[in-house]
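Results of the structural survey
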Amino acid sequence: MAQAITTAEFPSVISGADKPVLVDFWASWCGPCRALGPVVDQVATEMADRLTVYKCNVDEEPELATQFRIVSIPTLILFKDGKPAHTMVGNMPKPALVSELESNL
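The following refers to the structure shown.

Rules behind the numbers
- The residue numbers shown here count from 1 along each chain, following its written sequence.
- Predicted model: local features are reported for residues with pLDDT of at least 70 only, side-chain atom pairs are reported and counted for 80 or more only, and whole-chain, interface and lining totals are derived from all residues.
- The basis for every side-chain value is the complete set of heavy atoms in the structure, and neither hydrogens nor water enter the calculation.
- Note on conventions: DSSP H or I runs of at least 4 residues are helices, E runs of at least 2 residues are strands, and numbering of each starts at the N terminus.
- Whether a residue is buried, partly exposed or exposed follows from its accessible area with a 1.4 Å probe, protein chains only, as a fraction of its type maximum: under 20%, in between, or over 50%, in that order.
- Between two residues, a contact is recorded if the distance between any of their heavy atoms is within 4.5 Å.
- A pair of cysteine sulfur atoms is labelled a disulfide when the two atoms are within 2.5 Å.
- Each helix should span, by expectation, one fewer than its residue count multiplied by 1.5 Å.
- Working definition for bend: take the seven residues up to and ending at a residue and the seven starting at it, fit an axis to each, and measure the angle between the axes.
- Side-chain atoms within 4.5 Å link the members of a nonpolar core, which is a set of buried Ala, Val, Leu, Ile, Met, Phe, Trp, Tyr and Cys residues.
- Here a strand pair is declared whenever DSSP counts at least two bridges between the two strands.
- For every element, the axis is a line fit to its C-alpha atoms; helices are fit only across the contacting stretch, and the angle between N-to-C directions ranges from 0 to 180 degrees.

A few points about the environment of G90
Considering the arrangement of structural elements, one finds G90 in the loop between β5 (83–89) and α4 (94–104). Assessed through its relative accessible area of 18%, G90 is described here as buried. Sequence-distant contacts of G90, defined by excluding residues within four places in its chain, comprise L36 and P74.

Some details on the environment of D18
By secondary structure assignment, the location of D18 is in the loop between α1 (10–15) and β2 (21–26). Look at D18 and you get exposed, because its relative accessible area is 75%. In the structure, D18 is positioned 15 residues away from Q3 in sequence and 16 Å away in space, judged by C-alpha atoms.

A short note on the state of the cysteines
The tally for this structure, following the rule as stated, stands at one disulfide. The disulfide that involves C30 links it to C33, with 2.4 Å between the sulfurs. As the torsion about the S-S bond is roughly 75 degrees, the C30-C33 disulfide counts as right-handed. On the basis of relative accessible area, C33 is assigned to the buried category, the value being 4%.

As for helix α2 (residues 31–46)
Look at α2: 24 Å from first C-alpha to last across 16 residues, which is about the 22 Å you get at 1.5 Å a residue. Residue G37 marks the point of greatest curvature in α2, where the axis turns by about 30 degrees; the proline P38 follows within four residues. Within the sequence span of α2, burial applies to C33, L36, G37, V39, V40, D41, V43 and A44. Against the buried residues of α2 lie β2, β3 (52–57), β4 (75–80) and α4.

Some remarks on the nonpolar core
Counting residues in hydrophobic clusters, the biggest one holds 19 residues, and the most contacted among them are I5, F10, V23, F25, F68, I70 and F79. Taken together, the elements giving at least two residues each to this core come down to α1, β2, β3, α3 (62–67) and β4. In contact with F25, not counting residues within four places along its chain, are C56, V58, L64, A65, F68, I70, I73, P74, T75 and I77. Judged by nonpolar contacts, the second largest core, of 16 residues, contains V40, V43, L51 and L97.

Observations regarding the sheet that holds β4
As summarised here, the arrangement of the five strands in space is β1-β3-β2-β4-β5, forming an open sheet in which the pairing is mixed. Two strands lie at the open edges of the sheet, namely β1 (3–4) and β5, each paired on one side alone. Alignment of β2 against β3, held across six bridges, turns out to be parallel. When the bridges of β3 are listed, V21 appears paired with T52. On the sheet, α2 packs against β2, β3 and β4 and is oriented at approximately 155 degrees with respect to β3.

Structure (structure tokens):
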């Protein structure tokens, strides 16, 4: 299951990670975000040995959304070594998400 992340803890979580970190930028009013949410949670569980997954509610953490220029949600950003390494925008089926992650881990 993905954990919530706040603006305050973001820098230390990302820079201190011992494996890649996937951040799901979403909002509760966003239909595609709600559809993708359970998929992200499944991936968080199934790939827990290879990456850590967080969710960032853009309404509650607008500074992070601005910092990473989030203009469409859902947006997922894979961070490696503390830096954005790959960005995915929009809802997608689980096999597509897993494939994108596999090719960028």
